[in-house]
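Here is what each chain is made of, one letter per residue.
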Amino acid sequence: MNENLILTYNLASLKMIRGSLHVFAMEAEDELAQMKYHESMMKIDEIIHTIDMALKNRNLR
């Protein structure tokens, strides 16, 4: 399978997971739970950024 396709699939999956975490964070009543959801979302954002950069670099070649 093409590596760009795999990266694109992973990117879409991470964005869906991040969206779910956002919903859970908004619904959480516990402040600690909200903070943990937010921390997880930030980590996913970093991974999303890394994949985006990798895909952009591959398209420039």
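Now for a quick tour of the structure. Owing to the predicted nature of the structure, the values given are computational and were not obtained by experimental measurement. (Residues numbered from 1 in each chain as written. Predicted model: local features only at pLDDT ≥ 70, side-chain atom pairs only at ≥ 80, totals over all residues. Heavy atoms only, no water.)

Quick notes on helix α2 (residues 31-60)
Here's step 1: The end-to-end C-alpha distance of α2, which contains 30 residues, comes to 43 Å, matching closely the 44 Å that a straight helix rising 1.5 Å per residue would cover.
Here's step 2: Residues of α2 that are buried include every one of M41, I44, I48, I51 and L55, and no others.
Here's step 3: The secondary structure elements touched by the buried residues of α2 are α1 (3-27). (Helix = DSSP H or I, 4+ residues; strand = E, 2+ residues; numbered from the N terminus. Expected span 1.5 Å × (residues − 1). Buried < 20%, exposed > 50% of the residue type's maximum accessible area, 1.4 Å probe, protein only. Contact = heavy atoms within 4.5 Å.)

Some remarks on the packing of α1 against α2
Here's step 1: Running from N to C, α1 and α2 point in directions that differ by 160°, and their axes come no closer than 9 Å. The angle between α1 and α2 places the two elements in the roughly antiparallel class. The crossing of α1 and α2 is left-handed.
Here's step 2: Partitioned by chemical class, the residues of the contact of α1 with α2 number 15 nonpolar, seven polar and six charged. (Axes fitted to C-alpha atoms, helices over the stretch in contact; angles between N-to-C directions. Parallel < 35°, antiparallel > 145°, perpendicular 65-115°, else oblique. Left-handed = near helix turned anticlockwise from the far one by under 90°. Nonpolar A, V, L, I, M, F, W, Y, C, P; charged D, E, K, R; others polar.)

Remarks on the packing of aromatic side chains
Here's step 1: The tally for this structure, following the rule as stated, stands at one aromatic pair.
Here's step 2: Centre to centre, the rings of F24 and Y37 are 6.0 Å apart; their planes meet at 40°, and the pair counts as tilted. Separated by 13 residues along the polypeptide, F24 in helix α1 and Y37 in helix α2 bring together distant segments of the chain.
Here's step 3: Taking the relative accessible area as the measure of exposure, F24 reaches 41% and is therefore partly exposed.
Here's step 4: Residue Y37 is classed as partly exposed on the basis of its relative accessible area, which comes to 26%. (Phe/Tyr/Trp six-rings, centres within 6.5 Å; stacked < 30°, edge-to-face > 60°.)

Quick word on the pattern of salt bridges
Here's step 1: In total, this model carries three salt bridges according to the counting rule given.
Here's step 2: Across the salt bridge formed by E3 and R58, the nearest N and O atoms sit 2.7 Å from each other. One end of the pair, E3, is in helix α1; the other, R58, is in helix α2, with 55 residues separating them in the sequence.
Here's step 3: Given the relative accessible area of 31%, R58 is considered partly exposed.
Here's step 4: D45 serves as the salt-bridge partner of R18, at 2.5 Å between the closest nitrogen and oxygen. (Salt bridge = Lys/Arg side-chain N within 4 Å of Asp/Glu carboxyl O.)

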